[in-house]
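Structural overview
Single-letter residue listing:
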Amino acid sequence: MSNLNALTVAVDVALRKRDEARRLLQDAQGAQQAAQDQLAQLQGYARETEGRWGMRERQQMRREQKQTDERASMQVRNAINGPPGQEY
């Protein structure tokens, strides 16, 4: 009988440990899924932000290029015709 009681106690302890391990695993898997969901959300936000800023950057670069082109054109005209308001 005492061997049966010891075996029953051992089985009960093993079942409790198994159940606790299962609960911890499920908690960890839930946390991992939440982290993956958050990462996906942040990556989407990053892509959206980069797209928006990238568009602004390209517009700014076009404006700067246009200004550079206009200055270069003015320098060429001044080299050919002389500075504005100066008569020869």
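Everything in this summary refers to the structure shown in the same document. (Residues numbered from 1 in each chain as written. Predicted model: local features only at pLDDT ≥ 70, side-chain atom pairs only at ≥ 80, totals over all residues. Heavy atoms only, no water.)

1. Brief notes about the overall build of the protein chain
Here is the rule: Each helix is a run of DSSP H or I of at least 4 residues and each strand a run of E of at least 2, with the numbering of both proceeding from the N terminus. It is over C-alpha atoms that the radius of gyration is taken, and the globule rule equals 2.2 Å times the number of residues to the power 0.38. Under the convention used here, a 1.4 Å probe and the Shrake-Rupley method define accessible areas, while residue burial counts only the protein chains that appear.
For the protein chain, the helix and strand inventory stands at one helix and zero strands. The C-alpha radius of gyration computed for the protein chain amounts to 37 Å, which surpasses the reference 12 Å derived for 88 residues by more than 25%, pointing to a less compact arrangement than a globule. With the C-alpha coordinates aligned to their principal axes, the bounding extent of the protein chain is approximately 125 × 15 × 10 Å. Accessible surface, the protein chain as shown: approximately 8100 Å² in total, 56% of it carbon and sulfur.

2. Digging into the pattern of salt bridges
Quick note on the threshold: Every case where a carboxyl oxygen of Asp or Glu lies within 4 Å of a side-chain nitrogen of Lys or Arg is listed as a salt bridge. Note on classification: 1.4 Å probe, protein chains only; a residue is buried when its accessible area is under 20% of the maximum for its type, exposed when over 50%, partly exposed between these limits.
Counted by the stated rule, this structure contains three salt bridges. Across the salt bridge formed by Asp19 and Arg18, the nearest N and O atoms sit 2.9 Å from each other. With relative accessibility at 38%, the residue Asp19 sits in the partly exposed group. Notably, a salt bridge pairs Arg23 with Glu20, separated by 2.6 Å at the nearest N-O pair. Residue Arg23 and its partner Glu20 are both found in helix H1 (residues 2–81); the two are separated by three residues, about one turn of the helix. Given a relative accessible area of 36%, Glu20 falls into the partly exposed group. One network of salt bridges, in which partners are shared, links Glu20, Arg23 and Asp27.

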